[in-house]
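# A structural walkthrough
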Amino acid sequence: MLELLGLAQSLPFTAAIGLMLMLALLQVAGAADLLGSHIDAHIDSHLDAHAGSDHGMPVDAGLLSLIGLGRVPFLVWLMLLLTLFGLIGLGAQGLLLSLTGQPLTAWIVGPLTGIAALPATGLASRPLAHLLPSDETSAIHVGSLVGREGEIVVGTASPGNPARARVIDTYGQAHHVMLEPDSADQRFVTGEKVLLVRREGELFKAIARGDHYLPRLDG
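Throughout, a residue's number is its position along its own chain's written sequence, starting from 1. Predicted model: local features are reported for residues with pLDDT of at least 70 only, side-chain atom pairs are reported and counted for 80 or more only, and whole-chain, interface and lining totals are derived from all residues. With hydrogens and water set aside, each side-chain value is computed from the structure's full complement of heavy atoms.

## Some remarks on the overall build of the chain
Per the convention used, a helix needs a DSSP run of H or I reaching at least four residues, while a strand needs a run of E reaching at least two, with both numbered from the N terminus. A count of helical and extended segments in the chain gives six helices and five strands. Reading the secondary structure of the chain in the N-to-C direction produces α-α-α-α-α-α-β-β-β-β-β. Only protein chains enter the accessibility calculation, which uses a 1.4 Å probe; a residue whose area is less than 20% of its type maximum is buried, one above 50% is exposed, and one in between is partly exposed. Each of the 219 residues in the chain was classed as buried or not, and the buried ones make up 35%. The contact criterion used throughout is that any non-hydrogen atoms of two residues lie within 4.5 Å. Sequence-distant contacts in the chain: of pairs separated by 6 or more residues, those separated by 24 or more amount to 61%. Residue burial considers only the protein chains on display, and all accessible areas are found by Shrake-Rupley using a 1.4 Å probe. Accessible surface, the chain: about 12,100 Å² in total, of which carbon and sulfur atoms supply 66%.

In structure tokens form, the structure reads like this:
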């Protein structure tokens with residue numbers, strides 16, 4: 001297996017696994033949230049616009065749904081695609097190596113693996129969609145979250161440094177958004193509840209609810 005990873009014919013697949021691991025680290029650190037939220041909004045608005053047309057969903061929107069785009073947050077989809085591309089490619093090269101003693105060039109195996117990985121990603125994203133929390137762009141217009149209460153779930157929010165928050169819409173569905181304080185002298189910590197007051201692009205501005213640091217009386 002180690003010999004296979006070091007072969008030039010396996011470079012696209014090992015690189016895909018490496019990129020997936022890098023994205024996973026960025027996701028844990030929260031650095032990839034803004035990029036993912038922006039792309040999610042573009043994909044969902046594209047699908048919603050076509051789904052609402054009089055002629056039904058066209059080929060391009062149907063294809064996006066087939067490969068899983070829009071079912072899960074974009075970065076999750078991308079990490080899943082990279083993982084499957086890497087594993088399928090390495091598996092194919094390993095099989096060829098055991099049967100013929102020589103893997104094929106990546107210029108042949110790579111495109112074939114990519115074609116196989118796309119529908120596989122679509123299939124794998126379906127069960128994941130039921131396990132992951134809904135992202136900010138699903139079901140409702142994101143602007144309707146203004147005026148709702150949110151809770152910081154990842155990171156500390158300060159001006160210029162947004163954090164991830166969970167917001168419950170009018171239907172009781174949870175959405176995850178990026179927000180920062182509307183006032184320059186405020187900061188929100190994990191677990192603090194805030195009020196969303198406006199939206200700038202994919203970023204929400206919020207104010208403190210005012211009771212996070214009050215002493216609690218336990219009866």
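That shown, we press on.
## A look at the sheet that holds strand 5 (residues 203–208)
Criterion used throughout: strands pair if DSSP finds at least two bridges between them. Around the barrel, five strands lie side by side as 1-2-3-5-4; this closed barrel has mixed pairing. Pairwise comparison of adjacent strand axes, ignoring direction, gives a mean angle of 55° for this sheet. Bridging between strand 1 (residues 149–154) and strand 4 (residues 193–200) involves three bridges; their strand directions are antiparallel. Within strand 4, the position partnered with E149 by the bridge is L195. Helix axes use the C-alpha atoms of the stretch in contact, all axes being lines fitted to C-alpha atoms, and the angles between their N-to-C directions lie in the range 0 to 180 degrees.

## Considering the pairing of strand 2 (residues 163–168)
The pairing of strand 1 with strand 2 spans four bridges and is classified as antiparallel. The partner of I152 across the bridge, within strand 2, is A165. Both strand 2 and strand 3 (residues 174–181) contribute to a ladder of six bridges, which runs antiparallel. Among the inter-strand pairings, A165 is bridged to a residue of strand 3, identified as V177. The hairpin turn running from strand 2 into strand 3, its antiparallel successor, is five residues long, and G172 in that turn takes a positive phi close to 85°.

## Topic: a nonpolar patch on the surface
What makes a patch is a set of residues exposed beyond 30% relative accessible area and free of salt bridges, joined within 9 Å when like-charged and within 5 Å when nonpolar (Val, Leu, Ile, Met, Phe, Trp, Tyr). A pairing counts as a salt bridge when a side-chain nitrogen of Lys or Arg comes within 4 Å of a carboxyl oxygen of Asp or Glu. There is a patch of nonpolar side chains on the surface, built from L104, W107, I108, L112 and I115 and spanning about 610 Å² of accessible area. Position of L104 relative to the elements: it lies in the loop between helix 5 (74–100) and helix 6 (106–131).

## Section: the environment of G110
Residue placement: G110 occurs in helix 6. Remark: the alpha-carbon pair of G110 and F13, spanning 97 residues in sequence, is separated by 8.0 Å. Those residues in contact with G110 that lie beyond four places of it in its chain are F13 and F85.

## As for the confidence of the model for the chain
On a scale of 0 to 100, pLDDT captures the predictor's confidence in every residue. Of the residues in the chain, 69% reach a pLDDT of 70 or more, and the chain-wide mean stands at 76. Counting contacts from residues 214–219, a segment whose pLDDT is below 50, to residues more than four positions away or on other chains yields one contact.

## Points about the packing of aromatic side chains
Only rings of Phe, Tyr and Trp enter the pairing, Trp through its six-membered ring, and a pair is recorded when the two centres are within 6.5 Å. The plane angle decides the type: under 30 degrees is stacked, over 60 is edge-to-face, the rest tilted. This model, assessed by the stated rule, comprises one aromatic pair. Taken together, a centroid distance of 5.2 Å and an interplanar angle of 45° make the contact between F13 and F85 tilted. Of this pair, F13 sits in helix 2 (residues 11–29) while F85 sits in helix 5, and the two are 72 residues apart along the sequence. Given a relative accessible area of 0%, F13 falls into the buried group.

## A closer look at the environment of L97
Among the structural elements, L97 can be located in helix 5. Taking the C-alpha atoms as reference, L97 lies 8.4 Å from L4; in sequence the two are 93 residues apart. The residues contacting L97, other than those within four sequence positions of it, are L4, Q102 and P103.

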